[in-house]
Amino acid sequence: MKNNIHIRPLQQPLPISTKKSVPKQPTTSFKDILVDAQQLKVSKHAKQRLAERNIEINDQQWQKVHEKVNEAQKKGITDSLVLIKNAALLVSVKNQTVVTAMSMKEASSKIFTNINGAIVVED
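Throughout, a residue's number is its position along its own chain's written sequence, starting from 1. Two thresholds apply to this predicted model, a pLDDT of at least 70 for residue-level local features and 80 or more for giving and counting side-chain atom pairs, whereas whole-chain, interface and lining totals are computed over all residues. The side-chain quantities take in all heavy atoms of the structure and omit both hydrogens and water.

### Description of the overall build of the protein chain
Put simply, DSSP marks the helices as runs of H or I at least four residues long and the strands as runs of E at least two long, and each gets a number from the N terminus on. Within the protein chain one finds 4 helices and 5 strands. Start at the N end of the protein chain and walk to the C end: the helices and strands fall as α-β-α-α-β-β-β-α-β. Exposure categories follow from relative accessible area, calculated using a 1.4 Å probe and restricted to protein chains: below 20% of the type maximum is buried, above 50% is exposed, and the middle band is partly exposed. Out of the 123 residues belonging to the protein chain, those deemed buried represent 27%. By the convention used here, residues are in contact when the closest approach between their heavy atoms is within 4.5 Å. For the protein chain, the proportion of contacts with a sequence separation of at least 24, taken over those separated by at least 6, is 58%. Here, Shrake-Rupley sampling with a 1.4 Å probe gives the accessible areas, and only protein chains in the shown set may cover a residue. When the accessible surface of the protein chain is split by element, carbon and sulfur atoms take 54% of a total near 10200 Å².

Right under this line is the structure:
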């Protein structure tokens, strides 16, 4: 009977590093990620429409729209028409995303469907 056991010479253990590894700092903080997640997003389509139609919405108006969209979400609204001074925005409230945008002149001749709420934002 033959033994099929092979004995190998002991290998040297891997050297242990004496350097202490320093954890890498994240490039974005948790706070920044949380703030971004809470902001109203603008879809690619809506960005195109805003640009094509020369609709400018300042930071103060965006903040008011965001606040009203949050209020609407608490009331169970999922899709809303948001009317501001110079534009009408269709917003997916549940996704916190502006889906499309049009000027108030253009919006005055439209019928809006598939919404279950409307928000009017005063200046």
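### Side note on the pattern of salt bridges
Think of a salt bridge as a Lys or Arg side-chain nitrogen and an Asp or Glu carboxyl oxygen that are within 4 Å of each other. Counting across every chain of the model gives 3 salt bridges. With a shortest N-O distance of 2.9 Å, Glu52 and Arg49 are connected by a salt bridge. One end of the pair is Glu52 and the other is Arg49, both in helix H2 (residues 44-52) and 3 residues apart, which spans about a single turn. Arg53 is the salt-bridge partner of Glu106, the closest N and O atoms lying 3.1 Å from each other. Separated by 53 residues along the polypeptide, Glu106 in helix H4 (residues 104-107) and Arg53 in the loop between H2 and helix H3 (59-74) bring together distant segments of the chain. A residue is classified by how much of its surface remains accessible, and Glu106, at 25% relative accessible area, is partly exposed.

### Considerations on the nonpolar core
Core analysis: the largest hydrophobic core is formed by 20 residues, its most contacted members being Val65, Val69, Val82, Leu89 and Val91. Of all the secondary structure elements, the ones that give two or more residues to this core are H2, H3, strand E2 (79-84), strand E3 (87-92) and strand E4 (97-103). No other element matches the 4 residues that H3 contributes to this core. If we skip the residues at most four places from it in the chain, Val91 touches Leu40, Val69, Thr78, Asp79, Ser80, Val82, Thr97, Val98 and Val99. Buried Ala, Val, Leu, Ile, Met, Phe, Trp, Tyr and Cys residues that are joined via side-chain atoms within 4.5 Å together make up what is termed a nonpolar core.

### Quick look at H2
Buried residues of H2: Ala46, Arg49 and Leu50, and no others. For H2, the buried positions fall inside an angular range of 100° around the axis, keeping them on one side. Within H2, the exposed residues directed more than 90 degrees away from the buried face are Lys44, Lys47, Ala51 and Glu52. Check the buried side of H2 and you find it contacts strand E1 (41-42), H3 and E4. Two residues or fewer after H2 comes Asn54, characterised by a positive phi angle close to 50°. The reported arc concerns the directions from the helix axis to the C-beta atoms and nothing else.

### Describing the sheet that holds E1
Spatial ordering of the open sheet is given by E1-E4-E3-E2-E5, a layout of 5 strands whose pairing is mixed. Only two strands of the sheet have a single partner each, and these edge strands are E1 and strand E5 (117-120). When DSSP finds two or more bridges between two strands, those strands count as paired. In terms of strand pairing, E1 meets E4 through 2 bridges, oriented parallel. Within the sheet, the bridge partner assigned to Lys41 lies in E4 and is Thr97.

These figures capture arrangement, not role.
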